[in-house]
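Breakdown of the fold
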Amino acid sequence: MKFSKPHQFRSKPYLRWIRTQPCICSGQSNVEAAHSWPSSIGGKSSDITALPLTERYHRTDNEGLDKIGRANFERMNNLDLNREVIKHINRFLSEGHTF
């Protein structure tokens, strides 16, 4: 039996919009679109999971999401990333954007 690679949702307009939002940890601008859910094996997370994080909170600091993992990141920053994803998707759509 042959299995194909799972297809992930991609949206350049959503990622561009995410990069205009303030960081969910610091409120600062100049953010990256950080994929907040684990990727599939050999793949990248769906763009729908992206959240605005500064470089520090995304990947460079010892407390960055990519370095310490989702559960530790949520605990250290008192965040629920699932809730943040839903909040950002709702805001994106309420502003009249489309994926």
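Report on the accompanying structure.

What counts as what
- Residues numbered from 1 in each chain as written.
- Predicted model: local features only at pLDDT ≥ 70, side-chain atom pairs only at ≥ 80, totals over all residues.
- Heavy atoms only, no water.
- Core = buried A, V, L, I, M, F, W, Y, C linked by side-chain atoms within 4.5 Å.
- Buried < 20%, exposed > 50% of the residue type's maximum accessible area, 1.4 Å probe, protein only.
- Helix = DSSP H or I, 4+ residues; strand = E, 2+ residues; numbered from the N terminus.
- Phe/Tyr/Trp six-rings, centres within 6.5 Å; stacked < 30°, edge-to-face > 60°.

By size, the foremost hydrophobic cluster in this structure holds 21 residues, and its most contacted members are Y14, I18, I24, L53, F73 and L81. For this core, the secondary-structure elements that each account for two or more residues are α1 (12-18), β1 (32-35), β2 (50-53), α3 (65-68) and α5 (81-94).

This part takes up the environment of T60. On the secondary structure map, T60 appears in helix α2 (residues 55-60). T60 sits in the partly exposed class, given a relative accessible area of 41%.

This next bit is on the packing of aromatic side chains. Taken as a whole, this structure holds 6 aromatic pairs when the rule is applied. An angle of 25° between the planes, with centres 6.0 Å apart, marks the rings of Y14 and W17 as stacked. In this pair, Y14 and W17 both sit in helix α1, 3 residues apart, roughly one turn of the helix. A residue is classified by how much of its surface remains accessible, and W17, at 6% relative accessible area, is buried. Seen from their ring centres, W17 and F92 are 5.4 Å apart, and the 65° between their planes marks the pair as edge-to-face. One end of the pair, W17, is in helix α1; the other, F92, is in helix α5, and 75 residues separate them in sequence. The same class applies to W17 and to F92, which are both buried.

The next thing to look at is unusual backbone geometry. Within the chain, N30 stands out as a residue other than glycine whose phi angle is a positive 60°. With respect to the element layout, N30 can be found in the loop between α1 and β1. The phi dihedral of N78 falls on the positive side, at around 50°, and the residue is not glycine. Along the chain, N78 falls in the loop between α4 (70-77) and α5. The exposure class assigned to N78 is exposed, which follows from its relative accessible area of 72%.

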